[in-house]
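# Fold and contact review
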Amino acid sequence: MEVLHKTFGLIGVGGFVAPRHLQAIKQNNGDLLCAIDVHDSVGILDSYFPQAHFFTESERFERYLDKRKRHKAPLDFISICSPNYLHDTHIRLALRNQSCAICEKPIVLNPWNLDALIEAQKESGYTIYTILQLRLHSSIIALKNHIDALLRQDSQKVFNVDLSYITSRGRWYFQSWKGDESKSGGVATNIGVHFFDMLLWIFGKPKESIVHIRNEHTASGLLCLEHARVRWFLSINEAFLPHFCKSEQKKVYRALSLEGEEFAFSEGFNDLHTKSYEQILCGKGFNCTESKDAIRLIHNIRHSEPIGLKGDYHPLNIEA
């Protein structure tokens, strides 16, 4: 689908997720005019937008944005791929400069930060979008439609679900901001927020949350939703990868079982950011308000006392 030509800035262009945003902007006929990162290893810009202005200092970046605003040519969007704890600051920067914001997950770490941003969105008149790309995954849409059909037959039904996500990370992870819970929110937040949003989207609001394990590399628990009991397991420790992944040298394992039946959704992730941008440019993107339940849940998980391997815990759990 061809969309109108829009202008973009990008904060955090040197980060892990930035290439997906660069590709999404390019494939949606956008033009990246400027980017910033505290690190200057951003040669990837040559593959997408070699003419983009690049800054390593926030003062010069803000001066550029202010100049465009004063000349009545503000950027249409500013995409935010910075560390999690800086998201709300950078969203406010976008709004102050008369740009809509497109923010990576999690949009914020704390529910009250999101409440303040929602007010700032109303005051500014510019929209804050968040990336909830799993809602655009064809297999997950099919699963939601399937669950909705079953609930129309029995509105009280509660499904048994197991969610597993293991994505191996090396020692560098713990030396980066991602290894600092105060900056990333920890494993359940940093790698789990999209999955929690997906579960809430499909099975309804949370009723109870129990955390079994939470440490620097793994988090697991039991989540009771309106229509599901979910045993969940998230880890960046490759020791938890199933044997077939290790033998095939695969570093990522995603699995979801519904009533004991495996639901496949390991493929189809490569173009979800492009689809997300397409939706935003068509006026159908996910507003920041849609993140409220997931942000509240991950905040509660982060501040819950783990009970250990008691009760109904995920089968992947083993003693650390």
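For the structure, see preceding data.
Attention here is on the structure that accompanies the text. Residue positions within a chain follow its written sequence, with the count starting from 1. Confidence filtering applies because this is a predicted model: local features only for residues at pLDDT of at least 70, side-chain atom pairs given and counted only at 80 or more, and all residues used for totals across whole chains, interfaces and linings. Neither water nor hydrogens contribute to the side-chain values; these are computed over all heavy atoms in the structure.

A word on the sheet that holds strand 1 (residues 7-11). Whenever strands of a sheet pair, they do so through backbone hydrogen bonds, lying parallel or antiparallel. When DSSP finds two or more bridges between two strands, those strands count as paired. Numbering of helices and strands starts at the N terminus; helices are DSSP runs of H or I of at least 4 residues and strands are runs of E of at least 2. With mixed pairing, the seven strands of this open sheet are ordered in space as 3-2-1-4-5-6-13. The open sheet is flanked by strand 3 (53-55) and strand 13 (286-287), the only strands paired with a single partner. When strand 1 meets strand 2 (residues 31-36), the two strands line up parallel, connected through five bridges. Of the residues in strand 2, the one forming a bridge with Gly9 is Cys34.

Let's shift gears to the side chain of Thr274. Relative to the assigned elements, Thr274 resides in helix 12 (residues 272-281). If sequence neighbours within four positions are ignored, Thr274 has contacts with Gln23, Ala24, Gln27 and Asn28. Any two residues having at least one pair of non-hydrogen atoms within 4.5 Å are treated as being in contact.

This paragraph deals with the packing of aromatic side chains. Between rings of Phe, Tyr and Trp, where Trp is taken as its six-membered ring, a pair exists when centres lie within 6.5 Å; planes separated by under 30 degrees are stacked, by over 60 edge-to-face, and by other angles tilted. Under the counting rule described, the total for this entry stands at twelve aromatic pairs. Here Phe55 and Tyr64 contribute two aromatic rings whose centre-to-centre distance is 5.7 Å and whose plane-to-plane angle is 50°, an arrangement assigned as tilted. Grouping residues by exposure puts Phe55 and Tyr64 together as buried. Their ring planes at 55° and their centres at 6.0 Å tell us that Phe159 and Phe203 sit as a pair that is tilted. Here Phe203 lies in helix 10 (residues 193-203) and Phe159 lies in strand 7 (residues 159-167), a separation of 44 residues in the sequence. For Phe159, a relative accessible area of 2% translates into the label buried. Residue exposure (1.4 Å probe, protein chains only): buried if accessible area is under 20% of the type maximum, exposed if over 50%, otherwise partly exposed.

Before going further, it helps to examine the sheet that holds strand 8 (residues 206-214). Taken in spatial order, the six strands make up an open sheet running 8-9-10-7-11-12, and their pairing is mixed. Both outer strands of the open sheet, strand 8 and strand 12 (261-263), are each paired with one neighbouring strand and no more. For this sheet, the mean angle separating the axes of adjacent strands, direction not counted, is 20°. Here strand 7 runs beside strand 11 (residues 252-258); their pairing, made up of seven bridges, is antiparallel. Residue pairing across strands places Val161 opposite Leu258, the latter belonging to strand 11. The axes used here are C-alpha line fits, helices contributing only the stretch in contact, and every angle between their N-to-C directions lies in the interval 0 to 180 degrees. Packed on one face of the sheet, helix 10 meets strand 7, strand 8, strand 9 (218-225), strand 10 (228-235) and strand 11 and runs near 160° to strand 7. Running over the sheet, helix 13 (residues 292-302) touches strand 8, strand 9 and strand 10 and is turned about 40° from strand 8.

Attention shifts here to the pattern of salt bridges. Whenever Lys or Arg places a side-chain nitrogen within 4 Å of a carboxyl oxygen from Asp or Glu, that contact is recorded as a salt bridge. Summed over all chains, the structure comprises 15 salt bridges. Residue Asp66 pairs with Arg70 through a salt bridge whose shortest N-O separation is 2.8 Å. Remark: Arg70 and Asp66 occur in helix 3 (residues 58-70); sequence separation between them is four residues, near one turn of the helix. As a salt-bridge pair, Arg135 and Glu290 come within 2.8 Å of each other at their nearest N and O atoms. Remark: Glu290 occurs in the loop between strand 13 and helix 13 and Arg135 occurs in the loop between strand 6 (128-130) and helix 6 (138-153); sequence separation between them is 155 residues. On the basis of relative accessible area, Glu290 is assigned to the partly exposed category, the value being 34%.

By this rule, a helix spans an expected 1.5 Å times one less than how many residues it contains. With 16 residues, helix 6 extends 23 Å from end C-alpha to end C-alpha; this agrees with the ideal 22 Å at 1.5 Å per step. Among all positions in helix 6, only Ile140, Leu143, Lys144, Ile147 and Leu151 are buried. In a view along the axis of helix 6, the buried residues occupy a sector of 100°, so they form one face of it. Summarising the geometry of helix 6, the exposed residues directed more than 90 degrees from the buried face are Ser138, Arg152 and Gln153. As for helix 6, its buried residues are in contact with strand 7, helix 10, strand 11 and strand 12. Throughout, the arc means that of the directions going from the helix axis to the C-beta atoms.

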